[in-house]
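Examination of the molecular architecture
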Amino acid sequence: MTNIRTTHVGSLPRPAGLLEDNARHARDELSDAQFAQKLDAYIAEVVKKQHDIGLDIINDGEYGHIMTETVDYGAWWWYSFQRLGGLEFTDTDLHAGETTGGGAVELTSFDNRRDWQKFRDAYTDPDSGIHQAKRQEVKMPTITSELTYIGHEQTKRDIDLTLKALRANGLDAKDGFIAALAPASASRLTNNFYETDDDILFAAAKALREEYKLITDAGLTVQLDDPALCEAWDQVNPEPPLDKYREWVERRIEAINFAIEGIDPSLVRLHVCWGSWHGPHTTDIPFKDIVDIVLKVKAQGITFEAANARHAHEWAIWKDVKLPEDKVLIPGVVSHSTNVVEHPELVAQRIKNFTDLVGRDRVIASTDCGLGGRIYPSIAWAKLEALAEGTRIVNK
């Protein structure tokens, strides 16, 4: 009988020491070499912790995806600002929105999202528990010249430290992954250079391809983080026609396929989600409305939210959606959206919902989204323990 494997989406709680060393590095109080030495120790610890819990496909916790002295939001998007050339920081703050070069689907500002408008009292109250409400205003980059990839040394450092930590635990590259930003999410920036939305999208794909190649050439799996595919639906106000949005999503899948052309699909997995903030999410697009397009990606693994209260019911779509033979589902069976730690028996039930439909060899148990920065660290690790224990129940 096939044993079901476990993984997670990427971001894990960052130790206070790492955040302080990151700030010192940003202030030039630590050299690149000194910071890399400290990062080595943090990554070694987080890899060992994942391995000891019993996770099978593990990473560096995204510890190498650091930002500036003052900003660390889980770094899934923000790290790219340091690894893409052609950007300049402006006075545009986070809440001014992410704008693109135009097209049939226009993204609005964060404050004008449909869920934000519907629950504005909660979204504007810093004590509501919605992380977005507590975010500070920060300078955001603007595209001012051709997008290029300048993050080679940082990515090579992340790869080397991850491989070193894996080997110290008797693992190798096939047991590890590194998260990287997908083109659609990378291109959601203010633009003063490219003429069209499509130009930005494929420029980002061309640049980020270098990151994907570095990771997979080392034998590690690259996880392409692309919440834009689902999340952007809420960021179009008023609600767009579904057919137009589907065209928008399909073009972004085409950009991913362009970026990973020639890379072994077994070393690529795509993460889709509806954003990590703890809001109502009543305006999320149903996964069934775009899942057929998502499955066109030339990646073997598809990771997605399947445990939180807004999307846990969607496991049932796989009764009707035929999973292509070359695909593996990586559903979230514990969630970042609640402090309640899932019971291992519930985790096992959630896993079985998928294995009963697509087979044990087509499922890897995971988290809904990254846990770092979204729930308290001890709770995050308890959720990963529940994930591992629930999977062991199914494997028994």
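Residues numbered from 1 in each chain as written. Predicted model: local features only at pLDDT ≥ 70, side-chain atom pairs only at ≥ 80, totals over all residues. Heavy atoms only, no water.

In the annotation of an unreviewed UniProt entry, the protein chain is listed under the name Cobalamin-independent methionine synthase II family protein and assigned to Actinotignum urinale.

Focus on the nonpolar core
As a rule of thumb, soluble globular proteins bury nonpolar side chains together. Definition in use: Here the nonpolar core consists of buried residues drawn from Ala, Val, Leu, Ile, Met, Phe, Trp, Tyr and Cys, with membership extended through side-chain atoms lying within 4.5 Å. Remark: exposure states derive from per-residue accessible area (1.4 Å probe, protein chains only) relative to the maximum for the residue type, with buried under 20%, exposed over 50%, and partly exposed in between. The way it works is that DSSP assigns letters per residue, a run of H or I at least four long becomes a helix, a run of E at least two long becomes a strand, and they are numbered from the N terminus.
Counting residues in hydrophobic clusters, the biggest one holds 108 residues, and the most contacted among them are Y212, L224, Y245, L270, F287, F304 and W318. Among the elements that make up this core, the one with the highest residue count is helix α8 (residues 197-217) (nine residues).

What to know about the pattern of salt bridges
Quick note on the threshold: A pair is scored as a salt bridge if a Lys or Arg side-chain nitrogen falls within 4 Å of a carboxyl oxygen belonging to Asp or Glu.
Counted under the stated rule, the structure contains 25 salt bridges. Between D158 and R157 there is a salt bridge, with its nearest N and O atoms 3.0 Å apart. Residues D158 and R157 agree in their burial class; the two are buried. Among the salt bridges present, the one from R392 reaches E389, with a minimum N-O distance of 3.1 Å. With R392 and E389 both in helix α13 (residues 377-395) and three residues apart, this pair spans about one turn of that helix. Given a relative accessible area of 29%, E389 falls into the partly exposed group. Because the salt bridges share partners, they merge into one network encompassing E20, D21, R24, R27 and E29.

Things to note about the confidence of the model for the protein chain
So the rule is basically this: Confidence scores per residue from the predictor, reported as pLDDT, run from 0 to 100. What makes two residues a contact is simply this: any of their non-hydrogen atoms within 4.5 Å.
Mean pLDDT for the protein chain: 92, with 92% of residues reaching 70 or above. Within the model, pLDDT remains below 50 along residues 95-102, and this stretch shows 33 contacts once partners closer than five positions in the same chain are excluded.

Considerations on α13
The criterion, for reference: Expected span of a helix: the number of residues minus one, times 1.5 Å.
The terminal C-alpha atoms of α13 lie 27 Å apart, and with 19 residues this matches the ideal 27 Å at 1.5 Å per residue to within 8%. Packing partners of the buried residues in α13 comprise β1 (5-6), α2 (32-53), β9 (328-334), α12 (344-358) and β10 (364-367).

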